[in-house]
Amino acid sequence: MIDKAYLEITNICNLRCSFCHGTKRAARMLSDEEFEALTDRLSGKVKFLYFHLLGEPLLHPRFPHFVKRAWEKGFYPILTTNGSLLQKSGQTVLENLPYKISISLHAPAANAAFADPEYFDTCIDFAKKAAAMGCITVLRLWNIGGEGEDENNAILQKLHEAFPGEWPPSHRESVRLSRDKVFLEWGEHFEWPDENAPDVPADTDIFCHALRDQVGVLCDGTVVPCCLDAEGTLVLGNLFDNPLDEILRSPRARAIYDGFTNRRAVEDLCRRCDYARRFRK
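Residues numbered from 1 in each chain as written. Predicted model: local features only at pLDDT ≥ 70, side-chain atom pairs only at ≥ 80, totals over all residues. Heavy atoms only, no water.

1. So, the environment of D268
Take D268: it is sitting in helix α8 (residues 268–271). Its relative accessible area of 42% is what places D268 among the partly exposed residues. Taking the C-alpha atoms as reference points, D268 and N196, separated by 72 residues in sequence, lie 9.9 Å from one another. Reaching out from D268, the side chain makes a polar contact with the side chain of R271 at a distance of 2.4 Å. (Helix = DSSP H or I, 4+ residues; strand = E, 2+ residues; numbered from the N terminus. Buried < 20%, exposed > 50% of the residue type's maximum accessible area, 1.4 Å probe, protein only. Polar contact = N/O pair within 3.5 Å; in protein donor to acceptor, adjacent residues only side chain to side chain.)

Below you can see the structure in the form of structure tokens.
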């Protein structure tokens, strides 16, 4: 069983942040029938179902229904959101809670939309309510060493006001902010893999958890190795057409898996992945 599947219910986003790769793929949302078909083929194969690869999941009008169906099918549904729609959709999410919600707070430098003071207050209020109802709620600051890190002090000050007490922040580990399930999660800034990025020698030490810990499914059913293949460059198959086990046994999928077992990236895109380089020895 693979731990995580990133099922992209839509590749549409209401924002365009500088840290996000974005996509040139045609805008799309999964229908109910497509969601059922894809989750049927993931059922029993993965544990955690992330409603995200690209796109803002809360834009999908059927998000609450998808959460309900994911629970019914035995998945642990997880939402990753930019938080900007919580003022409008937060109550609906609270009525249809996933297992975990991650809210990206590292966006003020990347998008002017996050400068609205109500944005932060809404995210904090929602996080407290969701956690009190038993949902793991993570507030992300994934900008260490990158754009916007200098804004973290102001964010941390507001977090201390919202969650008083002793919780000295660590840039390496998550911090529990409350007795409920509210956490602050740090992360280093990284560049998305891009075919135009500088290549590295084929014998460079590179490891990735793709296909052993995670798999991605784009909103047209395309299966890719990981959550960072924004354009569907490394096509392994299509889950509408073939079972997941068959796709994972394909020559390309096996080559990627075996390559990382030997700490080598056999695909050009993987050698150009800044995130994978953090797993070097």
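2. A look at unusual backbone geometry
With a phi close to 70 degrees, L211 is a non-glycine residue in the positive phi region. Structurally, L211 can be placed in the loop between β7 (182–188) and β8 (214–217). Located in the positive-phi region is R263, a residue other than glycine, with phi close to 60 degrees. Of note, R263 is situated in the loop between α7 (251–261) and α8.

3. Remarks on the packing of helix α1 (residues 32–42) against helix α2 (residues 63–72)
At their nearest, the axes of α1 and α2 sit 11 Å apart, and the two run at 25 degrees to each other. When the axis of α1 is compared with that of α2, the two are roughly parallel. Seen along the crossing, α1 lies across α2 with a hand that is right-handed. Of the residues in α2, those touching α1 at D32, F35 and E36 are H65, F66 and R69. The residue makeup of the contact of α1 with α2, split by class, is 2 nonpolar, 1 polar and 3 charged. (Axes fitted to C-alpha atoms, helices over the stretch in contact; angles between N-to-C directions. Parallel < 35°, antiparallel > 145°, perpendicular 65-115°, else oblique. Left-handed = near helix turned anticlockwise from the far one by under 90°. Contact = heavy atoms within 4.5 Å. Nonpolar A, V, L, I, M, F, W, Y, C, P; charged D, E, K, R; others polar.)

4. Side note on the side chain of N82
Mapping N82 onto the fold places it in the loop between β3 (76–81) and α3 (86–95). Among the residues examined, N82 registers a relative accessible area of 10% and is labelled buried. In terms of polar contacts, N82 uses its side chain to reach the side chain of N14, at 3.3 Å. Here S84 takes part through its side chain, which lies 2.7 Å from a polar atom of the side chain of N82.

5. Details of the pairing of strand β5 (residues 136–144)
Burial within β5 is extensive, with 8 of its 9 residues counted as buried. Inspection of the sheet shows strand β4 (residues 100–104) paired to β5 by 5 bridges, in the parallel sense. Across the sheet, the residue bridging to S104 is R140, located in β5. Across 6 bridges, the pairing between β5 and β7 is parallel. Note on β7: the bridge partner recorded for R140 is E185. (Pairing = 2+ DSSP bridges.)

6. A short note on the environment of Y119
On the secondary structure map, Y119 appears in helix α4 (residues 117–132). A relative accessible area of 9% means that Y119 is categorised as buried. Along the sequence, Y119 and I101 sit 18 residues apart, while their C-alpha atoms lie 16 Å from each other. Looking at Y119, its side chain comes within polar contact range of the main-chain oxygen of N82, at 2.9 Å.

7. So, the packing of α4 against helix α5 (residues 152–162)
At their nearest, the axes of α4 and α5 sit 11 Å apart, and the two run at 40 degrees to each other. If you check the angle between α4 and α5, you find them oblique. Here the hand of the crossing between α4 and α5 comes out right-handed. For the pair formed by α4 and α5, the contact residues are F120, I124 and K128 on the first element and I155, K158, L159 and A162 on the second.

8. Some points on the sheet that holds β4
Here 10 strands make up an open sheet; going across it, the order is β6-β7-β5-β4-β3-β2-β1-β8-β9-β10 and the pairing mixed. Each having just a single partner strand, β6 (175–176) and β10 (237–238) make up the two edges of the open sheet. Note that strand β2 (residues 46–50) and β3 share 3 bridges and pair parallel. What sits directly across from F48, in β3, is Y76.

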